[in-house]
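# Residue-level structural notes
Residue strings, one per chain:
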Amino acid sequence: MITMELKLEELLKGKATRIKENDFFPTAAYVEPFIERMSKFTSDFRIEAKLPDQITKTSNGDINYDDITYNRVWIQAVMPEEYAFDNHDEVVGMVYGLDCRKPIVKLYRGGLNRACTNLCVFDPSFLHIQEIEAEKPFNYKPIRQMMEQTCDLKAWLNKLHTTSFATDYVSINESLGEWIRNSIALSYDNGFGKVKLSATNIIDTYKDLFEKKDSPYYVGEGNDTTMFNVYNAFTQQITDDKRDIMNKVEKTLLIKDILGSF
């Protein structure tokens, strides 16, 4: 089932659940500590959640949102204007999954492109992952640690903007081949499993850059462009995937490696 956008008050109605022999708290017990910490900085929270495979319905046949649990939740705290730069909002996010092979929660710090809402994260130290234990709260200490770290987003975005990307016939062929080979060879090991980008993601990115003239990233052969445009064509594939909210940060980190040195 694809994810859906929710308001905070809707999310907080999520009930406690049991998965196999493990009991988990109501959604509010996991989400409210994150909200409390980040409310010191912002009131802009963006939420997506995945419904469980089995839901109850009202007498009218609608989903009964008063009797529901959320197994996978993604919430992003978007920082205020003074934290923004280069048309990107700084963001601190939390995503967790109770129904994964091993239940985990991820805390991260990154940027959101205002033009397309694509997430960008370049440094693995801005991603913290922990196992969720039944009937135990999350450890939210990494939020403070990340907030105290020096942000590297501005430097990376500047590098992307100032690095040109060759679009002659030979260079396009070489880049596409390198990207696909890297997608096959490379993965991001988060300690709980390996995350990969598929060759389909690479091909769709190539099409957006060089074939689809209605794509916002289209440049065509022989025209000037930068690695910033290429990078966002890649991150758009991750943004558009509404089925996987758990691995967006790792996939975003992996893009930098797939693109190679720039």
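Below, the structure is looked at part by part. (Residues numbered from 1 in each chain as written. Predicted model: local features only at pLDDT ≥ 70, side-chain atom pairs only at ≥ 80, totals over all residues. Heavy atoms only, no water.)

Okay, a negative patch on the surface next. Judged by side-chain charge, D168, E174, E178 and E221 come together as a negatively charged surface patch. Structurally, D168 can be placed in the loop between α4 (153–162) and α5 (169–185). (Patch = residues over 30% accessible without salt bridge, like charges linked within 9 Å, V, L, I, M, F, W, Y side chains within 5 Å. Areas by Shrake-Rupley, 256 points an atom, 1.4 Å probe, with all protein chains shown as cover. Salt bridge = Lys/Arg side-chain N within 4 Å of Asp/Glu carboxyl O. Lys, Arg positive; Asp, Glu negative; His and termini not counted. Charge placed at Lys NZ, Arg CZ, Asp CG, Glu CD. Helix = DSSP H or I, 4+ residues; strand = E, 2+ residues; numbered from the N terminus.)

Under the definition given, this model contains 13 salt bridges. In this structure, the salt-bridge partner of K15 is D67, at a minimum N-O distance of 3.4 Å. Taken together, the residues span a long stretch of sequence, with K15 in the loop between α1 (8–11) and β2 (17–19) and D67 in the loop between β4 (44–50) and β5 (72–78) at a distance of 52 residues. Judged by its relative accessible area of 39%, K15 falls in the partly exposed class. Connected through shared salt-bridge partners, E81, D89 and R114 make up one network. (Buried < 20%, exposed > 50% of the residue type's maximum accessible area, 1.4 Å probe, protein only.)

Glancing now at the packing of aromatic side chains. Where two aromatic rings form a pair, the distance of their centres and the angle of their planes describe that pair. Inspection of the entire model under this criterion finds 11 aromatic pairs. Linked through ring pairs, F25, Y30, Y96, F138 and Y140 together constitute an aromatic cluster. (Phe/Tyr/Trp six-rings, centres within 6.5 Å; stacked < 30°, edge-to-face > 60°.)

Moving on, we get to unusual backbone geometry. Not every positive phi belongs to a glycine, and T117 is a case in point at roughly 60°. Mapping T117 onto the fold places it in the loop between β7 (104–113) and β8 (119–120). Phi at E135 is positive, roughly 55°, even though this residue is not glycine. Secondary-structure assignment places E135 in the loop between β9 (127–131) and α3 (141–148).

Attention now moves to the pairing of β5. Counting buried positions along β5 gives seven out of seven residues, so the element sits mostly inside the fold. Residue alternation in β5 divides its side chains into two sets, R72, W74, Q76 and V78 and V73, I75 and A77, and both sets are buried. As paired elements, β4 and β5 share seven bridges and run antiparallel to each other. The partner of I47 across the bridge, within β5, is I75. Across seven bridges, β5 lies against strand β6 (residues 88–97) in antiparallel orientation. Bridge pairing in β6 places V78 opposite V91. (Pairing = 2+ DSSP bridges.)

Moving on: the nonpolar core. Membership of the largest hydrophobic core comes to 30 residues, with the highest contact counts inside it found for F34, M94 and Y96. Looking at this core, the elements with two or more residues in it are α2 (27–38), β4, β5, β6, β7 and α3. Counting residues per element, this core draws most heavily on α2, at five residues. Among all residues touching Y96, those that are not within four sequence positions of it are T27, Y30, V31, Y70, N71, R72, V73, I104, V105, I132, F138 and M246. Ranked by size, the runner-up nonpolar core spans 29 residues in total, among them C116, F122, W179 and L209. (Core = buried A, V, L, I, M, F, W, Y, C linked by side-chain atoms within 4.5 Å. Contact = heavy atoms within 4.5 Å.)

With that out of the way, let us pick up the side chain of T42. If you trace the backbone, T42 turns up in the loop between α2 and β4. A distance of 2.5 Å separates the side chain of T42 from the backbone oxygen of V78, its partner in a polar contact. If sequence neighbours within four positions are ignored, T42 has contacts with A77, V78, M79 and P80. (Polar contact = N/O pair within 3.5 Å; in protein donor to acceptor, adjacent residues only side chain to side chain.)

For the rest of this paragraph, the subject is the environment of D244. Its place among the elements puts D244 in the loop between α7 (227–240) and α8 (248–259). Between the C-alpha atoms of D244 and R72, which are 172 residues apart in sequence, the distance is 9.7 Å. A distance of 3.2 Å separates the side chain of D244 from the backbone nitrogen of N247, its partner in a polar contact.

This next bit is on the pairing of β6. Regular strands show a simple pattern: their side chains alternate between the two faces of the sheet. The buried fraction of β6 is high, at 10 of 10 residues. A two-sided burial pattern is seen for β6, the buried positions comprising H88, E90, V92, M94 and Y96 on one face and D89, V91, G93, V95 and G97 on the other. One ladder, built from 10 bridges, connects β6 with β7; its direction is antiparallel. Bridge pairing links E90 to G111 in β7.

Just distances and angles here, no functional claims.
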